[in-house]
Amino acid sequence: PETSVLFLKRNIQLFLKPLNDECGKGIFTINVVDGQIFLRENSITKLLLREYLEKLGHNEFIVQERLGQHAEMNRLYNKSLNTLRIITIRNSDGKPSFFDSLLRIGANDNVVDNWARGGLAVGVLPNGLLKKEAYFKPPFGKIVVKHPNSEVKFEGFKVPYYEEAVNLAINFHEKIKGVYAIGWDVSITKDGPVFVEGNDNFEISTYVGEAFPELNLPKINVPTILAERTFWEKVTILHQEHHRPEQ
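The structure contained in this document is the topic of the report that follows. Only a predicted model underlies this, so the values are computations on that prediction, with no experimental measurement involved.

Another aspect to go through is the overall build of the chain. Helices and strands together make up the secondary structure of the chain, namely five helices and 14 strands. Here the chain holds 247 residues, and the buried ones make up 41% of them. Taking the intrachain contacts of the chain between residues at least 6 apart in sequence as the baseline, contacts between residues at least 24 apart amount to 54%.

To continue, consider the layout of surface pockets. Empty space within the second largest pocket amounts to approximately 630 Å³. For the second largest pocket, the lining is made up of 26 residues, of which Thr 29, Lys 79, Asp 109, Asn 110 and Val 111 are closest to its centre. Secondary structure elements with two or more residues in the lining of the second largest pocket: strand E1 (12–18) and strand E2 (28–33). Grouping the amino acids of the lining of the second largest pocket by side-chain chemistry returns nine nonpolar, 11 polar and six charged.

On to the sheet that holds E2. In a beta sheet, neighbouring strands are held together by backbone hydrogen bonds and run either parallel or antiparallel to one another. An order of E4-E3-E2-E1-E5 is seen for the five strands of this open sheet, with the pairing classed as antiparallel. Either end of the sheet is taken by a strand with one partner, and the two such strands are strand E4 (42–44) and strand E5 (61–65). With direction set aside, neighbouring strand axes in the sheet form an average angle of 30 degrees. Relative to E4, strand E3 (residues 36–39) is paired through three bridges, and the arrangement is antiparallel. Considered in E4, the bridge of Phe 38 is made with Ser 43.

What follows covers the sheet that holds strand E8 (residues 120–124). A sheet is described by the order of its strands in space; here seven strands give the open sequence E10-E9-E8-E7-E6-E11-E12, paired in antiparallel fashion. Single-partner strands in this sheet number two, and they are strand E10 (143–144) and strand E12 (192–199). Inspection of the sheet shows strand E6 (residues 83–90) paired to strand E7 (residues 96–105) by seven bridges, in the antiparallel sense. Of the residues in E7, the one forming a bridge with Ile 89 is Ser 97. Helix H3 (residues 162–175) contacts E6, E7, E8, strand E11 (181–189) and E12 of the sheet and is inclined by roughly 40 degrees relative to E6.

Calculation rules
- Residues numbered from 1 in each chain as written.
- Predicted model: local features only at pLDDT ≥ 70, side-chain atom pairs only at ≥ 80, totals over all residues.
- Heavy atoms only, no water.
- Helix = DSSP H or I, 4+ residues; strand = E, 2+ residues; numbered from the N terminus.
- Buried < 20%, exposed > 50% of the residue type's maximum accessible area, 1.4 Å probe, protein only.
- Contact = heavy atoms within 4.5 Å.
- 1 Å grid on protein atoms, 1.4 Å probe; cavity = no way out; pocket = protein on both sides within 12 Å on 5 of 7 lines; lining within 4 Å.
- Points joined across faces, edges and corners; volume = space filled by probe spheres on them.
- Nonpolar A, V, L, I, M, F, W, Y, C, P; charged D, E, K, R; others polar.
- Pairing = 2+ DSSP bridges.
- Axes fitted to C-alpha atoms, helices over the stretch in contact; angles between N-to-C directions.

Shown next, in the form of structure tokens:
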């Protein structure tokens, strides 16, 4: 893979994700400090980085400058971008509305917050306060009432800009016509919500089903945006619709 984009003269933190993977698989970070490259805090050369990328078996990566998150989100866990998953659906009258949300939080040195990669999931109340209990996906852990690393209790913790994030999700969904349901991933920065992506065909599974696979409880796939559309197409559609002039 071509890596010249990584070697900027300014200091930068980069977030790399294989183009065709999902659920946090294959994600890693690179820091560039005074021209020196750090992969997972280990100093490496450009040649070693190129060899590492080739060994991963992916030809294309999404490369993004790492977002800085709100101090309160860092207080929960500061090694990953902890994101809201906000689900919006269209009602029988065709108007988008809020359905549900949860907060995903990284844990145990992970740089991603995905539940499938060992992160935590905790429900969010309508006022932005977290619910009492958070859940690891089995076999990563069980139910906890405080973060295992930061020891911050979930009950009483308020997600900054929560109401604004929900309202923006509804507004964005209104601009994307013909889509029934969207699972939005939203980061919370010091300046407000930043929408990372809208997910298509996202999965809903139960904690009991994950803990006891022998029960063979069904998982529900929610079709949303057309599957043949690429990640980049989804981004450009959202950007175009958000900046569409008022009629």
